Amino acid sequence: NPREYSMTTTSLHRPLWQQAAMLVFFFLLCFSAAAIGAIGSMSAPEFYGQLQQPTWAPPAWLFGPVWTVLYAMMALAVWLVWRKGPSKAVTVAMVVFMLQLTLNTLWSWLFFSWRSGAGAFVEIILLWLLIAFCILLFRRIQPLAGYLLVPYLVWVTFASALNFALWQANPGVLG
């Protein structure tokens, strides 16, 4: 049957139900990571509001909507890569994606729960590098998938600068 998946075809030939199920899975995966990070940042709005902030710091309410869009774009990007079928390139890209998603989740805990400005800053630099690498890997497999991660890299670039500024302005709180 030409519609059945084989190891020699791309996953575009997988049944539509399987593609839909995996899209749901990737959305659940990304938003589960978001939820775990949110647990670590439950005091974020109050804590963030108490910090000495640079004039360019965004209001606390902006973070939720931005991250919601970014997590949705991440889920769509990883799904597009998965659809290209099993290969070494896809496996490597998926592993890098999972590593960056794990670091993304960890950052909230480092900054908001454990109040480690230095640790969060080192970690967000590693996160930035993994996102950039993930973009390169995704673009080679499915260009649109790589481009979907560019706003994420831009936001994490901004968040890195904000992390550094907050850490420097609040050494007693963010040791």
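Data block above holds the structure.
Residue positions are given per chain, counted from 1 along the sequence in the order it is written. Only residues with pLDDT of 70 or above have their local features reported here, since the model is predicted, and side-chain atom pairs are shown and tallied only from 80 upward, although totals for entire chains, interfaces and linings are computed over all residues. Note that water and hydrogens are dropped before the side-chain values are worked out from all heavy atoms of the structure.

1. What to know about the overall build of the protein
Link 1 in the chain: A run of H or I in DSSP counts as a helix once it spans at least four residues, and a run of E counts as a strand once it spans at least two, with each numbered from the N terminus. Within the protein, the secondary structure is distributed over seven helices and zero strands.
Link 2 in the chain: Counted from the first residue to the last, the protein has its helices and strands arranged as α-α-α-α-α-α-α.
Link 3 in the chain: Counting only residues that meet the buried cut, the protein has 44% of its 175 residues in that class.
Link 4 in the chain: Whether two residues touch is decided by their heavy atoms; if any such pair falls within 4.5 Å, the residues are in contact. Partitioning the contacts of the protein with sequence separation of at least 6, the portion at a separation of at least 24 is 76%.
Link 5 in the chain: Put simply, the protein shows about 9200 Å² of open surface, and 73% of that area lies on carbon and sulfur atoms. Each residue gets one of three labels from its accessible area relative to the maximum for its type: buried under 20%, exposed over 50%, partly exposed in between, using a 1.4 Å probe on protein chains only. With residues, only the protein chains shown are counted as cover, and all accessible areas are computed by Shrake-Rupley using a 1.4 Å probe.

2. Comments concerning the environment of Ala-44
Link 1 in the chain: Its location among the elements puts Ala-44 in helix H2 (residues 44–50).
Link 2 in the chain: With a relative accessible area of 12%, Ala-44 lands in the buried category.
Link 3 in the chain: Along the backbone, Ala-44 and Ser-113 are 69 residues apart, and their C-alpha atoms lie at a distance of 8.5 Å.
Link 4 in the chain: Excluding residues that lie within four positions of it along the chain, Ala-44 makes contacts with Gly-49 and Phe-112.

3. What to know about the environment of Ala-20
Link 1 in the chain: With respect to the helices and strands, Ala-20 occurs in helix H1 (residues 16–40).
Link 2 in the chain: Its relative accessible area of 41% is what places Ala-20 among the partly exposed residues.
Link 3 in the chain: C-alpha separation for the pair Ala-20 and Trp-79, spaced 59 residues apart in sequence, amounts to 9.7 Å.

4. So, unusual backbone geometry
Link 1 in the chain: Unusually for a residue other than glycine, Arg-115 sits at a positive phi of about 50°.
Link 2 in the chain: Tracing the backbone shows Arg-115 in the loop between helix H4 (88–113) and helix H5 (117–141).
Link 3 in the chain: Taking relative accessible area as the criterion, Arg-115 reaches 34% and is therefore assigned partly exposed.

5. Some details on the layout of surface pockets
Which parts of space are left empty comes out when a probe the size of a water molecule is rolled across the atoms.
Link 1 in the chain: Only protein atoms enter the 1 Å grid, on which a cavity is a set of points fitting a 1.4 Å probe that cannot get out and a pocket is an open set with protein on both sides within 12 Å along at least 5 of 7 lines, lining residues being those with an atom within 4 Å of a point. Grid points are joined across faces, edges and corners, and a volume is the space filled by probe spheres set on the points. Looking at the largest pocket, its volume works out to about 660 Å³.
Link 2 in the chain: Lining the largest pocket are 28 residues, and of these Ser-41, Phe-63, Trp-67, Ser-108 and Phe-112 sit closest to its centre.
Link 3 in the chain: Of all the secondary structure elements, the ones that give two or more residues to the lining of the largest pocket are H1, H2, helix H3 (63–82), H4, H5 and helix H7 (150–169).
Link 4 in the chain: Any residue outside Ala, Val, Leu, Ile, Met, Phe, Trp, Tyr, Cys, Pro, Asp, Glu, Lys and Arg is labelled polar, Gly included; the first ten of those are nonpolar and the last four are charged. For the lining of the largest pocket, the residue count by class is 21 nonpolar, seven polar and no charged.

6. Points about the packing of H1 against H4
Link 1 in the chain: Only C-alpha atoms enter the line fits that serve as axes; for helices the fit covers just the stretch in contact. Angles between N-to-C directions range over 0 to 180 degrees. At a minimum axis distance of 7 Å, the contact between H1 and H4 shows a crossing angle of 20°. In this view, H1 runs roughly parallel relative to H4, as classed from their interaxial angle. Our pair here, H1 against H4, has a crossing hand that is right-handed. Across the interface between the two elements, Phe-26, Leu-29, Cys-30, Ala-33, Ile-36, Gly-37, Ile-39 and Gly-40 from H1 touch Met-94, Phe-97, Met-98, Leu-101, Thr-105, Ser-108, Trp-109, Phe-112 and Ser-113 from H4. Here roughly perpendicular refers to angles of 65 to 115 degrees, roughly parallel to angles under 35, roughly antiparallel to angles over 145, and oblique to all remaining angles. Definitions for this section: a left-handed crossing has its near helix turned counterclockwise from the far helix by less than a right angle. A right-handed crossing has that turn clockwise.

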